[in-house]
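One-letter residues, chain by chain:
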Amino acid sequence: MAELRERLLPRKPSSTSGSHEPTHGRRPLFQGVDFSGLKKRGQSLRSWIRVDAATGNSQVIEVDKFTMMRRCDLPARDLRLLDPLFVYPSTILGREKAIVVNLEQIRCIITADEVLLLNSLDSYVLQYVVELQRRLAASNGEALSGGTPSPDDLPFEFRALEVALDAACTFLDAQAAELEIEAYPLLDELTSQISTLNLERVRRLKSRLVALTRRVQKVRDEIEQLMDDDGDMAEMYLTEKKIHMETSYFGDQSIHGFNSAGGAVSASAPVSPVSSPPGSRKLEKTLSLARSRLDSMKSSSTITENIEELEMLLEAYFVVIDSTLNKLTSLKEYIDDTEDFINIQLDNVRNQLIQFELVLTTATFIVAIFGVVAGIFGMNFEIALFDVPSAFQWTLVITGVSGVIVFCLFLWYFKYRRLMPL
């Protein structure tokens, strides 16, 4: 870390006796400020869990950002996807020498020789390491026992990617199952008893459902995007590219060795432009063309086969994540149906209140008739009806019968117009 800091920070100029003139009356810039403890941005060490592809052993290493970028040949924006301080959607990126995986809690860099995970105490990260070591130990045990490797065995990067997809799908499916267990009894309780507490609990449940559905949908879209792009899938086959690069390197070395040997033979002979085109150049050109054709044929055939292998792997987990998404979609439809049922119930209650208000308004109108009669007879004038002893009783009887008849006529009209289910 000290060497890296010395290499990145500018060196201090060497002070000599005659190099600096005394500056009287002039204050030095940033006087009293100590810059010794400052670090450049991105040079902080981070703890990573490294799983070796050959042995399956895991160890904790501390690497800074720039070293990780050089080690895996990744840009800074790809490492930013793995930063736990930021929340990024699920992403699977295939690069030249690594695969960047950001799936829920699993944030790792997969290369042809190792897997690097951000060191975390999360149980799913530890389960990922344990499961990857178990699969590597099983494959290494079969190789040590003398058995022939199966043609269906996946390369290391695909096995590491498979464990990451398995962990992410298992985590999302567990959350979906937990949400289902909590949602269905709550929705049934809400249909039987509509209360503010139950409505608030359903609102929180729906918010969690929307957030989980968005995360599952992003993982599903990422897998589907990889399946639709053959170039991205071919880019993710790191072991094949590594073998191809090593083969090309050794082939170039052999050709250079042949050229150097031919040059040693012709070194003693005089060099003339007339006798310059020897057969070695033609042989070199023929060998390079044949090697390039053979490498292109091999790479095209292997890339096609590897695309099929990776596509089958992605299809398997696409089915799993699509099943989880279907569960969440069914749950959302059940919540929507419950909301529709509650709205129907509320509309029914509202209609009953409107009908009751209509009846009450009609009864108020009938009672108002008695007020009109009382107002008429309460005027200050004399008539002969006031002298009849039974006049008050007859007035009440006639007014009451008239009110009942008018009320019945209103009810008949409401039934005729189908305003009330009488």
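Residues numbered from 1 in each chain as written. Predicted model: local features only at pLDDT ≥ 70, side-chain atom pairs only at ≥ 80, totals over all residues. Heavy atoms only, no water.

Draft legend 1. Geometry of the pairing of strand β3 (residues 91–94). Strand direction decides the pairing type here: β3 and strand β4 (residues 99–103), joined by four bridges, are antiparallel. Within β4, the position partnered with glycine 94 by the bridge is isoleucine 99. The antiparallel hairpin formed by β3 and β4 contains four residues in its connecting segment. (Pairing = 2+ DSSP bridges. Helix = DSSP H or I, 4+ residues; strand = E, 2+ residues; numbered from the N terminus.)

Draft legend 2. Summary view of the sheet that holds strand β6 (residues 114–118). Ordered by their spatial adjacency, six strands build an open sheet running β2-β1-β6-β5-β4-β3, and the pairing between neighbours is antiparallel. The open sheet has two edge strands, β2 (58–63) and β3, and neither has a second partner. Pairs of neighbouring strands in the sheet enclose a mean axial angle of 20°, with direction left out of account. Pairing analysis gives five bridges linking strand β1 (residues 46–52) to β6, with the strands arranged antiparallel. Note that in β6 the partner of arginine 50 across the bridge is leucine 116. With respect to the sheet, helix α2 (residues 65–72) is in contact with β1, β2, β5 (106–110) and β6, its orientation differing from that of β2 by roughly 120°. In the packing of helix α5 (residues 156–192) onto the sheet, contacts are made with β1, β3, β4, β5 and β6, and the angle to β4 comes to roughly 10°. (Axes fitted to C-alpha atoms, helices over the stretch in contact; angles between N-to-C directions. Contact = heavy atoms within 4.5 Å.)

Draft legend 3. Here's a closer look at the confidence of the model for the protein chain. Of all residues in the protein chain, 73% have pLDDT values of 70 or greater, and the mean over the chain is 77. Mean pLDDT across the secondary structure elements of the protein chain bottoms out at helix α1 (residues 2–8), with 43, and peaks at helix α6 (residues 196–228), with 93. Below pLDDT 50 for its whole length, residues 27–42 participates in seven contacts with residues either more than four positions away or in separate chains. In this model residues 261–278 is a low-confidence stretch, pLDDT under 50, and it forms one contact with partners more than four residues away in sequence or in other chains. (pLDDT = per-residue confidence, 0-100.)

Draft legend 4. Focus on the pattern of salt bridges. Tallied over the full model, the rule gives 24 salt bridges. We note a salt bridge from lysine 327 to aspartate 173, for which the minimum N-O separation is 3.2 Å. Highlighted residues: lysine 327 in helix α9 (residues 279–377) and aspartate 173 in helix α5, separated in sequence by 154 residues. With relative accessibility at 29%, the residue lysine 327 sits in the partly exposed group. Taking relative accessible area as the criterion, aspartate 173 reaches 25% and is therefore assigned partly exposed. Aspartate 322 is the salt-bridge partner of arginine 220, the closest N and O atoms lying 2.8 Å from each other. Highlighted residues: arginine 220 in helix α6 and aspartate 322 in helix α9, separated in sequence by 102 residues. Exposure remark for arginine 220: the relative accessible area of 17% places this residue in the buried category. Among the ionic contacts, a cluster of salt bridges with common partners joins Glu131, Arg134, Arg135, Glu162 and Asp166. (Salt bridge = Lys/Arg side-chain N within 4 Å of Asp/Glu carboxyl O. Buried < 20%, exposed > 50% of the residue type's maximum accessible area, 1.4 Å probe, protein only.)

Draft legend 5. Up close: the UniProt feature "transmembrane region" (unreviewed entry) in the protein chain. Taking the numbering used here, the UniProt-annotated feature "transmembrane region" (unreviewed entry) corresponds to residues 358–379 and 391–414. Between the end C-alpha atoms of residues 358–379 there is a gap of 32 Å, over a span that is 91% helix and 0% strand. Counting secondary structure, residues 391–414 comes out at 100% helix and 0% strand; the distance between its end C-alpha atoms is 35 Å. (UniProt positions renumbered as here; feature names shortened; annotations may be inferred.)

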